[in-house]
Amino acid sequence: METYLNSVKKRFEYYKTLGEKTFAQVDDDGLFWQYNEESNSMATIVKHLSGNMLSRWTDFLTSDGEKPGRDRDKEFENDIKTRQELLGIWNEGWDCLFNALNSITEDDWQRDIYIRNEKHSVVDAINRQLAHYPYHIGQIVFIGKMVAGDKWNSLSIPKGNSQTFNAEKFAKPRG
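A brief look at the structure comes next.

Attention now moves to the packing of helix H1 (residues 2-24) against helix H3 (residues 83-103). Contact geometry for H1 and H3: axes closest at 11 Å, N-to-C directions at 175°. Here H1 is positioned roughly antiparallel relative to H3, judged by the angle of their axes. Where H1 approaches H3, its residues Leu5, Val8, Lys9, Phe12, Glu13, Lys16, Gly19, Glu20, Phe23 and Ala24 are matched on the opposing element by Arg83, Leu86, Leu87, Trp90, Asn91, Trp94, Leu97, Phe98, Leu101 and Asn102. Considered class by class, the residues forming the contact of H1 with H3 number twelve nonpolar, three polar and five charged.

Next up, the structure:
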């Protein structure tokens, strides 16, 4: 299970980094830009992600992942005002997640945990969040690309560069 847990941490770190690289490419106003009234800004998505993380990962082995004090609907009301505040909320959620993952012991893998009163294995609960967070990180990246426009720097393989990228990768030893 140690191999699995290390893989999970690596994947979560990757998605956290994608979000942070996106924030770095937009100006402060871009963090709050919405396509329309029904869509979410990056700031709103960050607020939701953090709210979810704090609910799911606080005492995640011993209490339901949907905490009684969570007000999910408020997570979609944008009241974040600054980049600094956004990054603070972002990091608070991720810190909670990584602290929880780092607290897992060998005996914990056999536990049943609950999210909204639905029973999950620890692995399934982790996988649930590993599917949820990249969904929203993808939204953040998509909004970032719209906001940055032609100033956007690709976070993966830039269009038209797949062959060059692959040639460089395969020219190196496996690893």
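This part takes up the pairing of strand S2 (residues 118-121). In this structure, strand S1 (residues 112-115) lies alongside S2, joined through four bridges in antiparallel fashion. Paired with Tyr114 across the strands is Lys119, a residue of S2.

Moving on: the pattern of salt bridges. Overall, the coordinates contain ten salt bridges when judged by the stated rule. Residues Glu118 and Arg128 are paired through a salt bridge, measuring 3.9 Å at the closest nitrogen-oxygen approach. Placement of the pair is Glu118 in strand S2 and Arg128 in helix H4 (residues 122-148), with a sequence separation of ten residues. Using a relative accessible area of 28% as the deciding quantity, one classes Arg128 as partly exposed.

Let's shift gears to the pairing of S1. Where burial is concerned, the two faces of S1 differ: the one with Ile113 and Ile115 is buried and the one with Asp112 and Tyr114 is not. The turn linking S1 back onto S2 is made up of two residues, and Arg116 within it adopts a positive phi angle of 55°.

So, on to H1. Under the 1.5 Å per step criterion, the end-to-end length of H1 is 33 Å for 23 residues, consistent within 8% with the ideal 33 Å. As for H1, its buried residues are in contact with helix H2 (42-57), H3 and H4.

Within the structure shown, the criterion is met by eleven aromatic pairs. Plain terms: the ring middles of Tyr4 and Trp109 are 5.9 Å apart, the flat faces sit at 75° to each other, and that makes the pair edge-to-face. Of this pair, Tyr4 sits in helix H1 while Trp109 sits in the loop between H3 and S1; the two residues are 105 residues apart in sequence, bridging distant segments of the chain. Here the aromatic rings of Phe12 and Trp57 are separated by 6.4 Å at their centres, their planes lie at 85°, and the arrangement is edge-to-face. Of this pair, Phe12 sits in helix H1 while Trp57 sits in helix H2, and the two are 45 residues apart along the sequence. The same class applies to Phe12 and to Trp57, which are both buried. Members of the aromatic cluster, each reached through a chain of ring pairs, are Phe12, Phe23, Trp57, Phe60, Trp90, Trp94, Phe98 and Tyr133. For the cation-ring pair, Arg11 lies above Tyr14, with the distance from its terminal atom to the ring centre recorded as 5.6 Å.

What follows covers the packing of H2 against H4. Direction vectors running N to C along H2 and H4 enclose 170°, while the axes themselves pass 10 Å from each other. On the basis of the axis angle, H2 is roughly antiparallel to H4. Both H2 and H4 take part in a crossing whose hand is left-handed. Seen from H2, the contacting residues are Met42, Ile45, Val46, His48, Leu49, Asn52, Met53, Arg56 and Trp57; seen from H4, they are Ile126, Arg128, Gln129, His132, Tyr133, His136, Ile137, Gln139, Ile140, Ile143 and Gly144. Looking at side-chain class alone, the contact of H2 with H4 contains eleven nonpolar, seven polar and two charged residues.

Rules used throughout
Residues numbered from 1 in each chain as written. Predicted model: local features only at pLDDT ≥ 70, side-chain atom pairs only at ≥ 80, totals over all residues. Heavy atoms only, no water. Axes fitted to C-alpha atoms, helices over the stretch in contact; angles between N-to-C directions. Helix = DSSP H or I, 4+ residues; strand = E, 2+ residues; numbered from the N terminus. Parallel < 35°, antiparallel > 145°, perpendicular 65-115°, else oblique. Contact = heavy atoms within 4.5 Å. Nonpolar A, V, L, I, M, F, W, Y, C, P; charged D, E, K, R; others polar. Pairing = 2+ DSSP bridges. Salt bridge = Lys/Arg side-chain N within 4 Å of Asp/Glu carboxyl O. Buried < 20%, exposed > 50% of the residue type's maximum accessible area, 1.4 Å probe, protein only. Expected span 1.5 Å × (residues − 1). Phe/Tyr/Trp six-rings, centres within 6.5 Å; stacked < 30°, edge-to-face > 60°. Lys NZ or Arg CZ within 6 Å of the ring centre and 35° of its normal. Left-handed = near helix turned anticlockwise from the far one by under 90°.

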